[in-house]
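# An overview of the molecular structure
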Amino acid sequence: MTTFTPSSSAEALSTVQWAAAEETPLEILGHGSKRGIGRPLQTEHTLDLSKLAGVTLYEPAELVLSAKGGTPLAEIERLLAENGQQFAFEPMDYGPLLGGEPGRGTIGGALAANLSGPRRLKAGAARDHILGVAAVSGRGEAFKSGGRVVKNVTGYDLSKLMANSWGTLAVLTDVTFKVLPAAETEVTLAIRGLLDEAAVVAMALALGSSAEVSSAAHLPERIAARVAGGKHGSDAATLLRVEGFGPSVVYRVEALKQLLGKAGPLEEIAGEASKAIWRDIRDCRPFADGGTRPVWRVSMTPSAAHHMVMALRMQAAVDAFYDWQGGLAWLSMREDDPEAQLLRGLIRKHGGGHATLVRASAPHRAALPVFEPQPPHLAALSARLKAEFDPKNIFNPGRMAPGAGSATLVQSTEGAAS
Amino acid sequence: MSGLAMPKPDAETLRRRAEIAADMRIIVPGEGVVDAANEMRAFESDGLTAYRQLPLVVVLPETVAQVSRVLKYCNERNIRVVPRGSGTSLSGGALPLEDAVLLVMSRFNRILAIDYPNRTVVAQPGVTNLGITTAVEQEGFYYAPDPSSQIACSIGGNVAENSGGVHCLKYGLTANNVLGIEMVLMNGEVVRLGGSHLDQEGYDLLGVMTGSEGLLGVVTEVTVRILKKPETARALLIGFPTSELGGQCVADIIGAGIIPGGMEMMDRPAIHAAEDFVQVGYPLDVEALLIVELDGPSVEVDHLIGLVEAIAYRNGSTTCRISQSEQERLSFWAGRKAAFPAVGRISPDYFCMDGTIPRKELPRVLAGMRDLSEKYGLGVANVFHAGDGNLHPLILYDANVPGELDKAESFGADILRLCVQVGGVLTGEHGVGVEKRDLMPEMFNQIDLDQQMRVKCAFDPNHLLNPGKVFPQLRRCAELGRMHVHRGQVAFPDIPRF
């Protein structure tokens with residue numbers, strides 16, 4: 001068991017070349033803050049990128065930042081905040097949910113997991129903000145894609161392909177992101193006491209207005225008490241975030257009040273209190289209970305997810321709350337069984353989407369597909385793509401899907417689980 | 001065609017042309033197959049009219065099953081296929097090949113679903129970009145990416161090219177506004193990527209499909225996000241005595257945390273050409289003209305107009321007009337939108353380039369262009385998307401003067417090299433196509449290009465879909481797949497290990 005900790009991209013390249021020659025798999029790691037997501041790995045060696053760190057370029061006026069893959073996300077976000085800027089995609093912190101400490105995670109990991117947050121609705125995810133990457137493929141070749149400018153269609157967008165690849169395609173040595181001005185003001189309008197169905201209607205109305213709502217979440221009764229230290233009480237809260245310049249925020253919140261005044265009692269939550277709520281929603285704090293009971297991240301058509309949850313409740317005990325206008329459902333199972341087949345079947349029945357088992361015990365993660373299984377043609381295409389980047393299957397083998405070269409690993413993992 | 005090498009036509013395919021056309025008629029009955037030379041003439045080029053080529057046969061399928069059968073048929077017989085939407089590509093992405101079926105998607109022209117609560121539209125790929133907005137505008141919605149060809153260009157083509165437009169600084173490119181697609185692979189398999197939910201599962205194939213220039217698959221359905229129209233929009237028309245001051249003004253606007261709905265700049269030759277053409281009152285005594293459009297609630301727009309006006313003043317603007325009516329706002333844009341035809345009036349021919357640069361390099365690049373203009377003895381006018389550094393130099397030449405086309409192409413190539421030198425890229429929104437294909441090595445080394453081609457191999461291992469585009473030299477997938485490893489050699493034996 002060897003851990004390699006390169007401090008330059010040349011060293012990272014050399015390590016991968018060695019592993020490729022030896023055909024020995026590597027676990028690719030930043031801070032390990034999301035290590036508990038995916039099928040458990042059984043690699044002999046680890047490539048730890050946490051020493052490959054540092055911001056290499058930051059030009060606020062150009063809205064661009066480059067950093068080495070292992071740079072702490074928290075460090076970058078501090079630097080951006082000092083300049084009145086931010087990653088608009090609002091990367092979530094999986095630490096609290098997975099029982100780790102908050103504030104960990106690297107910029108490379110943010111891209112590899114395609115992180116996003118409540119602003120996903122308006123601003124997209126990491127994939128929408130990545131401009132360029134330098135990476136090492138499983139062939140032991142250092143390649144680059146994209147650039148440092150916002151508008152670029154030169155060649156295939158391999159940078160986007162790194163998003164949500166969970167370290168299975170390439171080792172990210174350098175990444176370049178678009179950054180944006182942070183909003184001057186933010187106000188959250190809360191409608192209290194709505195049931196899921198009414199909340200979804202209210203959120204769709206708000207998003208369909210010209211109030212430019214940047215986030216819309218629904219915390220059902222009792223779940224609401226699990227954000228911001230419980231200071232907003234336990235009544236259901238349907239939350240609409242409005243961000244921008246002061247006068248505009250005031251005007252747009254007023255417009256929303258006119259639009260939704262009849263929906264239920266309204267509250268305005270401003271500034272830091274508003275930020276605290278969205279941080280907790282972003283990080284799935286309501287289910288960050290230090291336990292290991294299964295938590296699902298479900299992405300569906302916004303108006304459909306709560307219907308699926310209602311159907312699921314007929315057969316399993318589950319807590320749920322919604323972000324992204326209802327399109328992102330976080331589910332916490334009250335029993336130990338993730339109910340994967342049941343859940344995925346219901347998702348298909350309610351218009352499709354996908355579910356990721358983001359928290360579960362290692363045996364469950366070994367036995368069940370953590371990531372949504374794909375239809376045969378698509379799965380085959382993904383496998384061919386993986387083989388083009390990593391023909392010897394040395395990067396995080398089997399983490400996303402049991403690949404060709406990982407059959408033995410999958411077997412031994414399952415053996416360990418039983 | 002000045003020295004552009006396309007893949008050598010396959011003699012066997014050419015010989016079997018009649019048989020292939022007949023088989024295509026079986027797959028796509030009725031009016032869906034065109035093989036008479038005079039009728040195929042309409043398809044011989046796209047928006048890059050310097051290049052022309054008659055295809056083997058033109059096929060216009062109507063159903064996904066037909067697309068699938070055509071591709072499977074061609075894949076099994078090693079016949080090349082060039083997909084085409086509306087044919088508005090400015091980089092030759094839809095340029096036919098002599099031995100390739102031209103697969104024209106224009107009959108896929110229906111909007112399949114509009115979902116206002118979820119703000120999505122599902123459209124067939126042949127629906128025009130503007131057609132989507134037209135379908136939803138009565139409810140106050142629109143589709144944000146607005147390439148200047150939006151009246152004609154198709155949404156499928158937008159996906160293939162990752163099209164932008166003046167609004168993409170604030171609202172993103174096609175890649176940021178498409179939620180899902182259905183596509184057919186070269187082997188005939190139909191796959192769906194994403195849907196009406198956010199975030200597709202697995203690898204971001206949607207991301208890599210967007211902007212893949214028709215080399216990876218044929219899009220048969222597109223789901224896009226629509227947005228509520230901003231309540232109001234107003235624009236400022238600001239003149240500067242130097243392009244440096246204009247550039248600094250752009251930087252300061254962004255530095256103040258303002259992301260305008262649109263921010264466009266024109267240089268002196270472009271200003272004069274546009275004003276001569278449309279007479280909208282552009283100032284003629286300035287070196288750079290900036291149009292800044294702010295959109296949103298009127299209280300926000302008024303607030304930001306004040307801020308931008310002050311920033312412009314601090315940067316030495318010599319004129320600053322603020323639109324007081326919708327009519328006036330549109331008049332500010334009229335000159336910019338007419339810039340290409342306006343330049344077409346002052347020069348028999350022009351080439352539109354499309355590099356992107358870090359904005360701060362603008363003065364250096366403009367100065368470099370002036371030097372090149374002198375060197376080649378050809379004029380150049382500049383319009384550019386100032387917010388995101390996307391330049392559109394228009395190189396003026398006369399194709400009837402022997403040698404001028406070659407000179408114009410060399411001039412353009414030098415401009416793009418300059419863009420790459422200062423940290424920019426070859427193409428911001430028009431695509432590589434055939435036009436910039438041979439310049440790819442300016443930006444990418446062989447390893448970079450090989451990895452891109454390997455992605456191609458995962459989708460189309462026989463290089464049958466739109467070959468001759470994007471990549472300067474096609475390498476066989478078997479060759480690309482080989483691994484070159486040197487066992488036991490570790491260049492850094494002292495990497496910390498625990």
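Bear in mind the structure is a predicted one, so any value in this text is a computation, not a measurement. (Residues numbered from 1 in each chain as written. Chains lettered and ligands numbered in written order. Predicted model: local features only at pLDDT ≥ 70, side-chain atom pairs only at ≥ 80, totals over all residues.)

Of regular secondary structure, chain A possesses 13 helices and 18 strands. Against the globule reference of 22 Å for 418 residues, chain A gives a C-alpha radius of gyration of 21 Å, in line with a compact fold. By principal-axis analysis of the C-alpha atoms, chain A measures approximately 65 × 55 × 35 Å. For chain A, the residues scored as buried account for 62% of the 418 residues in total. (Helix = DSSP H or I, 4+ residues; strand = E, 2+ residues; numbered from the N terminus. Rg over C-alpha atoms; globule rule 2.2 N^0.38 Å. Buried ≥ 20, exposed ≤ 12 C-beta atoms within 10 Å, placed from the backbone.)

Taken residue by residue, the interface counts 84 residues in chain A and 83 residues in chain B. Here the side of chain A that touches chain B is composed, by residue class, of 34 nonpolar, 32 polar and 18 charged. (Contact = placed C-beta atoms within 7 Å. Nonpolar A, V, L, I, M, F, W, Y, C, P; charged D, E, K, R; others polar.)

All names here are of chain A. The strand order across the open sheet formed by 3 strands is 1-3-2, and the pairing between neighbours is parallel. In this open sheet, the two edge strands, each paired with only one partner strand, are strand 1 (2-4) and strand 2 (26-29). Pairwise comparison of adjacent strand axes, ignoring direction, gives a mean angle of 20° for this sheet. Bridge analysis of strand 2 against strand 3 (residues 45-48) gives 4 bridges, and the strand direction is parallel. If you follow Leu-29 over to strand 3, its bridge partner there is Asp-48. (Pairing = 2+ DSSP bridges. Axes fitted to C-alpha atoms, helices over the stretch in contact; angles between N-to-C directions.)

Once that is clear, we can look at the domain arrangement of chain B. Accessible area lost upon the coming together of the parts serves often as the stated size of an interface. Residue and element names in this part refer to chain B. For chain B, the assigned domains are domain 1 (11-104), domain 2 (111-228), domain 3 (232-340) and domain 4 (347-431). One C-alpha centre belongs to domain 2, the other to domain 3; they are set 30 Å apart. Taken together, the 5 residues of domain 2 in the interface contact 7 residues of domain 3. Of the residues assigned to the side of domain 2 that touches domain 3, the class counts are 2 nonpolar, 2 polar and 1 charged. (Domains from an automatic or database assignment.)

Another aspect to go through is the packing of helix 10 (residues 243-255) of chain B against helix 15 (residues 362-376) of chain B. Residues and elements named next belong to chain B. Where helix 10 meets helix 15, the axes come as close as 9 Å, and the angle between the chain directions of the two elements is 150°. Between helix 10 and helix 15, the crossing angle belongs to the class labelled roughly antiparallel. As for how helix 10 packs across helix 15, the hand of that crossing is right-handed. Residues Ser-243, Glu-244 and Gly-247 of helix 10 lie in contact with helix 15, whose contacting residues are Leu-362, Pro-363 and Leu-366. The residue makeup of the contact of helix 10 with helix 15, split by class, is 3 nonpolar, 2 polar and 1 charged. (Parallel < 35°, antiparallel > 145°, perpendicular 65-115°, else oblique. Left-handed = near helix turned anticlockwise from the far one by under 90°.)

Counting residues in hydrophobic clusters, the biggest one holds 280 residues, and the most contacted among them are A:Met162, B:Val59, B:Val101, B:Leu290 and B:Ile395. Here the element with the most residues in this core is helix 6 (residues 196-207) of chain A; it accounts for 7 residues. (Core = buried A, V, L, I, M, F, W, Y, C linked by C-beta atoms within 7 Å.)

What follows deals with the UniProt feature "domain: FAD-binding PCMH-type" (unreviewed entry) in chain B. Mapped onto the present numbering, the UniProt feature "domain: FAD-binding PCMH-type" (unreviewed entry) falls on residues 51-229 of chain B. When the span residues 51-229 of chain B is considered, its composition is 23% helix and 26% strand, and the gap between its end C-alpha atoms is 39 Å. (UniProt positions renumbered as here; feature names shortened; annotations may be inferred.)

Right, let's get into the confidence of the model for chain B. Reading predicted coordinates in detail is not appropriate for stretches of low pLDDT. Mean pLDDT over chain B: 94, with 97% of residues reaching 70 or higher. Taken over the whole predicted complex, pTM reads 0.95, whereas the ipTM for its chain interfaces reads 0.95. (pLDDT = per-residue confidence, 0-100.)

Bringing the sheet that holds strand 17 (residues 380-385) of chain B into the picture now. All names here are of chain B. Reading across the sheet, the 7 strands line up as 15-12-14-13-17-18-16 and stay open at both edges, with antiparallel pairing between neighbours. Both outer strands of the open sheet, strand 15 (319-322) and strand 16 (349-352), are each paired with one neighbouring strand and no more. In this sheet, adjacent strand axes meet at a mean angle of 15° when their direction is disregarded. Looking at chain direction, strand 13 (residues 262-267) and strand 17 are connected through 3 bridges and run antiparallel. Each residue of the ladder has a partner; that of Glu-264, found in strand 17, is His-385. In the packing of helix 11 (residues 268-278) onto the sheet, contacts are made with strand 13, strand 14 (288-296) and strand 17, and the angle to strand 13 comes to roughly 95°.

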